[in-house]
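Report on the structure
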Amino acid sequence: MTAALPPFLAACRRQPTAHTPIWIMRQAGRYLPEYRAVRSKVGFTELTRSPELACEVTLQPIRRFALDASIIFSDIMVPIEGMGVALEYAPGPVIGEPVRTMKQIDELRTLVPERDVPFVMEAIKMTRAGLPAHVPLIGFAGSPFTLFSYLVAGKPSKEFSVPRAFAQAEPEISARLMEKLADAMIVYLRAQAGAGAQALMLFESWGGLLGPSDFARIALPPVKRIIDGLKDLGVPLIYFANQCGSNLDSIATLNADVVGLDWRTSLGGARKILGPNKAIQGNLDPAHLFSSPDNLRKRVDEVFADAGPGPGHIFNLGHGIWPETDPDSVARLVDYVHERSAK
Ligand code: 1CP
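The text that follows walks through the structure, step by step, so that each part is easy to find.

Reading guide: rules and limits
- Residues numbered from 1 in each chain as written.
- Predicted model: local features only at pLDDT ≥ 70, side-chain atom pairs only at ≥ 80, totals over all residues.
- Heavy atoms only, no water.
- Core = buried A, V, L, I, M, F, W, Y, C linked by side-chain atoms within 4.5 Å.
- Buried < 20%, exposed > 50% of the residue type's maximum accessible area, 1.4 Å probe, protein only.
- Helix = DSSP H or I, 4+ residues; strand = E, 2+ residues; numbered from the N terminus.
- Contact = heavy atoms within 4.5 Å.
- Axes fitted to C-alpha atoms, helices over the stretch in contact; angles between N-to-C directions.
- Parallel < 35°, antiparallel > 145°, perpendicular 65-115°, else oblique.
- Left-handed = near helix turned anticlockwise from the far one by under 90°.
- Nonpolar A, V, L, I, M, F, W, Y, C, P; charged D, E, K, R; others polar.
- Near = heavy atom within 4 Å.
- Polar contact = N/O pair within 3.5 Å; in protein donor to acceptor, adjacent residues only side chain to side chain.
- Areas by Shrake-Rupley, 256 points an atom, 1.4 Å probe, with all protein chains shown as cover.
- Phe/Tyr/Trp six-rings, centres within 6.5 Å; stacked < 30°, edge-to-face > 60°.
- Expected span 1.5 Å × (residues − 1).
- Disulfide = S-S within 2.5 Å.

**Side note on the nonpolar core**
Within the largest apolar cluster, 126 residues are counted, with the highest numbers of intra-cluster contacts made by F8, I80, I251 and L333. It is helix α11 (residues 171-195) that contributes the most residues to this core, 13 residues altogether. Look past the residues within four positions of I80 in its chain and what remains in contact with it is V85, L87, L147, L151, L181 and M185.

Spelled out as structure tokens, the structure:
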């Protein structure tokens, strides 16, 4: 007899669950005093390269809250450093030399995860061993367009006008870079699954900057390549589509199991476009964690009402938790989601 799937994995497969599972994007991070204590001793890069410390900060939110999933502590730029790109975190990624020529793309090292970023797989193994059985571990990577945005811009940006202009001016160079990134993320995510990651998530943090036709032409093909390149693993694939409410028609064509949505996008509306074969994840506004306990419950009720009664909803924020958030508010959120959805 096989044991019942943990609620998070069951929801990824749109199976009924005893309660709606919840986890929180950036759940390991600066809003937790215990994370800040670790960070006061080591830099961010060192933290990502130490399996012991990455494991420790990954487990911190799991010890504190009744979360239904864990996400390995790392950053979307870690494999990019593994491909030979020098960068610093300040706190967002700043690239020594932005990548804008075919020559630079050709010179990017072909990622061999076990050689170039072995500490990520070590951290996954240690964390899996330290997690309770009912809390699955999520591995992740950045989407090619999001990674391309940082590589071409060279630093974080609100509008990413430089990479967006570059994608128009240099479509062949752009497509080649994103294709190379897609191939690297396929081997990277496969290695994470091999080390014990039970679901894999792609962060499309900046694809929402593109209008529907550019999104379909530029951002979508390399994502499709990744998802099709992982499907045989049999682990749930989550595509976080930040601010992509206008791009759901093309996202519906992906073979992803779960689509993550931000708070500007209606979960119910998205379900209609995405169809019955995809679960949804989201989408409380991180600002709502600053409201009174009563109002927070009302906002959570609204998310549930929007998502509808069917299975296949994973509760989450619509984007990463803010560093100023009170951890007690997170505890109230997690407990209320469980209580309200208990069957
Ligand atoms: O000072 C610090 O501690 C560094 C801040 C920080 C942290 C905590 C960075 C730099 N990265 C992280 C961890 C991180 N990054 C996680 C941890 C796992 C968890 O969720 O608990 C994850 C999943 C990421 C992924 C990531 N990095 C994304 C995609 C998710 C999203 O929020 O859209 C993006 C866009 C990045 C780039 C990045 N790295 C760091 C920062 C501050 C940023 C954002 C920069 C920007 O705004 O453009």
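**Focus: helix α9 (residues 144-153)**
Of all 10 residues in α9, 10 are buried, a share of seventy percent or more. Looking at α9, one finds that the buried residues are P144, F145, T146, L147, F148, S149, Y150, L151, V152 and A153. Phi turns positive one or two residues past the end of α9, at G154, with a value near 90°.

**Overview of the packing of helix α14 (residues 267-274) against helix α15 (residues 293-307)**
The contact between α14 and α15 brings their axes to 6 Å, and the two run at 20°. With respect to α15, the axis of α14 lies roughly parallel. Regarding α14 and α15, the two cross each other, and that crossing is right-handed. Residues L267, G268, G269 and R271 of α14 pack against V303, D306 and A307 of α15. Considered class by class, the residues forming the contact of α14 with α15 number three nonpolar, two polar and two charged.

**As for the packing of α11 against helix α12 (residues 212-230)**
Two elements in contact, α11 and α12, have axes separated by 9 Å at closest approach and are oriented at 30°. In terms of orientation, α11 and α12 fall into the roughly parallel class. Here α11 and α12 pass one another in a crossing that is right-handed. From α11, M178, E179, A182, D183, M185, I186, L189 and R190 reach across to α12, where they touch I218, P222, R225, I226, G229 and L230. When its residues are assigned to classes, the contact of α11 with α12 shows nine nonpolar, one polar and four charged.

**Observations regarding the site of the ligand**
Close to the ligand lie 24 residues; Y35, D75, Y150, S205 and H319 are nearest. Contact distances for the ligand include 2.5 Å between an oxygen atom and a side-chain N or O atom of Y35. Here S205 contributes a side-chain N or O atom positioned 2.4 Å from an oxygen atom of the ligand. Protein contacts shield 90% of the accessible area of the ligand, which totals 890 Å² for the unbound molecule. Broken down by class, the residue content of the shell around the ligand amounts to 15 nonpolar, five polar and four charged.

**Remarks on the packing of aromatic side chains**
Enumeration over the complete set of coordinates arrives at 11 aromatic pairs. Where Y150 meets F160, the ring centres are 5.4 Å apart and the plane angle is 85°; that geometry is what we call edge-to-face. Taken together, the positions of Y150 in helix α9 and F160 in the loop between α9 and α10 (161-169) put the pair 10 residues apart, joining distant regions of the chain. Each member of the pair, Y150 as well as F160, carries the same accessibility label: buried. Aromatic rings pair up to connect Y35, F44, F73 and Y89 into one cluster.

**Thoughts on helix α4 (residues 51-64)**
Look at α4: 21 Å from first C-alpha to last across 14 residues, which is about the 20 Å you get at 1.5 Å a residue. Elements that come into contact with the buried residues of α4 comprise α2 (33-39), α3 (44-49), β1 (70-71), α8 (118-130) and β4 (137-142).

**Digging into the environment of D257**
Tracing the sequence through the fold places D257 in the loop between α13 (248-251) and β7 (258-261). It is 9.7 Å that separates the C-alpha atoms of D257 and K231, two residues lying 26 residues apart in sequence. For D257, the contacting residues outside a window of four places in its chain are C12, K231, V235, P236, L237, N277, K278 and A279. In this structure the side chain of D257 is engaged in a polar contact, spanning 3.3 Å, whose partner is the side chain of K231.

**Observations regarding the state of the cysteines**
Scanning the entire structure with this criterion turns up zero disulfides. With no disulfide of its own, C12 has C244 as its nearest cysteine by sulfur position, at a separation of 19 Å. The exposure class assigned to C12 is buried, which follows from its relative accessible area of 1%.

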